Amino acid sequence: MRLSRYFLPVLKETPSEAQIVSHRLMLRAGMIKQSAAGIYSWLPLGFKVLRKIENIVHEEQMRAGHIPMQMPTLQSADLWKESGRYDAYGEEMLRITDRHGRDMLYTPTAEELITDIFRSNVSSYKDLPLTMYQIQWKFRDEIRPRFGVMRGREFYMKDGYNFDLSKEDALHAYNRHLVSYLRTYERMGLQAIPMRADGGPIGGDYTHEFLVLAETGESEVFYDSAVTDLSFGDREIDYDSVEQCQGVLEEFTTKYARTDETHDEALFGAVPEERRRTARGIEVGQIFYFGTKYSDALGAQVQTAEGEKVSVHMGSHGIGVSRLLGAIIEASHDDNGIIWPEGVTPFHAGIVNLKQGDAEADAACEALEKALEAAGLEPLYDDRKERAGGKFATMDLIGLPWRITVGPRGLKNGVVELTSRRTGESEELAPEAAVAKLIEIYADHRVTGL
Ligand code: ATP
Ligand code: MG
């Protein structure tokens, strides 16, 4: 992509309405524009990162055996009246009346809708287990939308639902989700710690929230610092193995880690004092097992092998896809701007031409652009007639992890400069070597999407 042809409306001034760094940087880097309180347009750069994050979520969900599908953003209120949540959900639900006077609502979550799909089509234990998910816009009329995409009213969320014959099977689904979430967040360069949480309006006794530690987080958290040493890494996992998934759950949830809703001073006190931490965190996901709450209310039953009719055991599992952009930036930035982890960066590398219009420099930049594209990478080539300082500032602000700087002086010696956004370190390399190095760096960070 040529920057001269792209739409990247960067702001020089720091927007005064943004209170936290991720919101400021997303506005300054031209990623989002507010359309109404808590509702945003996703400008090209922001949209690209949103898609990367979404694709990682898809890949990891499908790897775990979960099936993608899509439900509408608008629903009829009927199912919610049937489950009893139409009144219970409160003012966060955006209620709409259509021209025929029918009660509609903008989906805040979709347990009722998916349970209705299930009950209309599944009646035998032979069709279980089943986990389906969607990545879809949600609306919650938050009383105080703030921090940009972090607490929006309209937001993009992955919501998955498992249907199982027994509690035991449903807990395996719960564990499978926990494992897949650990992988998902790590691929985004994030540490998200599973913490014991509270069921809220979705309900249920088994629930963990995934929290990214950050000063600006809205949740207060208490944990044993040993949990921050855990990482899932690139280990192989068999998602069908009850033992393996249970083992991972135990490894990641045995040490003390809770949000304030479930915090227990006495248990916390048993953690060695030097490892006791109180901090703030951003909730980037939550998993629930809630048994037969919705299947009882909506009559979602299957016939067992013995011919008995039983309510299915269910859970639901959410990832805050749009909130993740804010969380990643909170966790990865410096004074000059964003520092994207390789797994989610909107472009893989920036190309900065120090002397636009110089025949040799232009040709070298174009050759680099072509070579990277031929390798399946996406460079962003700053081909504008601007001062070098301005070009560097833009690249730093938008946070591409790697920059190739091309100028007549280096080219005389046959080299370009490859710079890491994270460390600031540069090395001089032949253009082909710079391309080869980027191919190697990104070999582990390919997102294939659907
Ligand atoms: P919160 O406690 O932050 O209000 P929640 O517990 O109500 O969130 P869930 O129902 O668990 O949210 O939704 C799944 C995920 O969707 C959350 O973990 C969070 O990452 C994301 N999410 C929830 N509400 C919002 C919002 N208003 N804006 C952006 N993301 C959100
Ligand atoms: Mg939650």
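Reading guide: rules and limits
Residues numbered from 1 in each chain as written. Chains lettered and ligands numbered in written order. Predicted model: local features only at pLDDT ≥ 70, side-chain atom pairs only at ≥ 80, totals over all residues. Heavy atoms only, no water. 1 Å grid on protein atoms, 1.4 Å probe; cavity = no way out; pocket = protein on both sides within 12 Å on 5 of 7 lines; lining within 4 Å. Points joined across faces, edges and corners; volume = space filled by probe spheres on them. Helix = DSSP H or I, 4+ residues; strand = E, 2+ residues; numbered from the N terminus. Nonpolar A, V, L, I, M, F, W, Y, C, P; charged D, E, K, R; others polar. Pairing = 2+ DSSP bridges. Axes fitted to C-alpha atoms, helices over the stretch in contact; angles between N-to-C directions. Phe/Tyr/Trp six-rings, centres within 6.5 Å; stacked < 30°, edge-to-face > 60°. Buried < 20%, exposed > 50% of the residue type's maximum accessible area, 1.4 Å probe, protein only. Lys NZ or Arg CZ within 6 Å of the ring centre and 35° of its normal. Contact = heavy atoms within 4.5 Å. Polar contact = N/O pair within 3.5 Å; in protein donor to acceptor, adjacent residues only side chain to side chain.

- Within an unreviewed UniProt entry, the label attached to the protein reads Proline--tRNA ligase, and the organism entered is Shimia sagamensis.

### Things to note about empty space enclosed by the protein
Then, number 1: Counted according to the given criterion, the structure contains 2 cavities of 30 Å³ or more.
Then, number 2: Roughly 90 Å³ of volume is contained in the largest cavity.
Then, number 3: Lining of the largest cavity is provided by Leu182, Glu186, Leu190, Gln191, Ala192, Ile193, Pro194, Val227, Leu230 and Phe252.
Then, number 4: Secondary-structure elements contributing two or more residues to the lining of the largest cavity are α6 (167–187) and β9 (193–196).
Then, number 5: Considered class by class, the residues forming the lining of the largest cavity number 8 nonpolar, 1 polar and 1 charged.

### Details of the sheet that holds strand β4 (residues 74–76)
Within a beta sheet, neighbouring strands are joined by backbone hydrogen bonds and run either parallel or antiparallel to one another.
Then, number 1: With antiparallel pairing, 3 strands are arranged side by side in an open sheet as β4-β6-β5. The two strands at the open ends of the sheet, each matched to only one other strand, are β4 and β5 (94–97). On average, adjacent strands in this sheet sit at an angle of 35° to one another, irrespective of strand direction.
Then, number 2: With 4 bridges connecting them, β5 and strand β6 (residues 103–106) associate as antiparallel partners. In the sheet register, Thr97 faces β6, and the bridge partner there is Asp103.

### Some thoughts on the packing of aromatic side chains
Then, number 1: Inspection of the entire model under this criterion finds 14 aromatic pairs.
Then, number 2: Between Tyr185 and Phe210 the ring centres are 5.5 Å apart and the planes differ by 40°, which places this aromatic pair in the tilted class. With a gap of 25 residues between them, Tyr185 in helix α6 and Phe210 in strand β10 (residues 206–213) connect regions that are remote in the sequence.
Then, number 3: You can call Phe210 buried: its relative accessible area is 0%.
Then, number 4: Every member of this aromatic cluster is reached through a ring pair, and the members are Trp42, Trp137 and Tyr156.
Then, number 5: When the ring centre of Phe347 is taken as reference, the NZ or CZ atom of Lys48 above it lies at 4.7 Å.
Then, number 6: In this structure, Arg95 is placed above the aromatic ring of Tyr86, and the distance from its NZ or CZ to the ring centre is 4.7 Å.

### Things to note about the environment of Gln191
Then, number 1: Mapped onto the fold, Gln191 is located in the loop between α6 and β9.
Then, number 2: On a C-alpha basis, the gap between Gln191 and Phe210 in space is 9.1 Å, while along the polypeptide they are 19 residues apart.
Then, number 3: Apart from the residues within four sequence positions on either side, Gln191 is in contact with Leu211, Val212, Val227, Thr228 and Leu230.
Then, number 4: Within the local environment of Gln191, its side chain forms a polar contact with the backbone oxygen of Leu230, the two atoms lying 3.4 Å apart.

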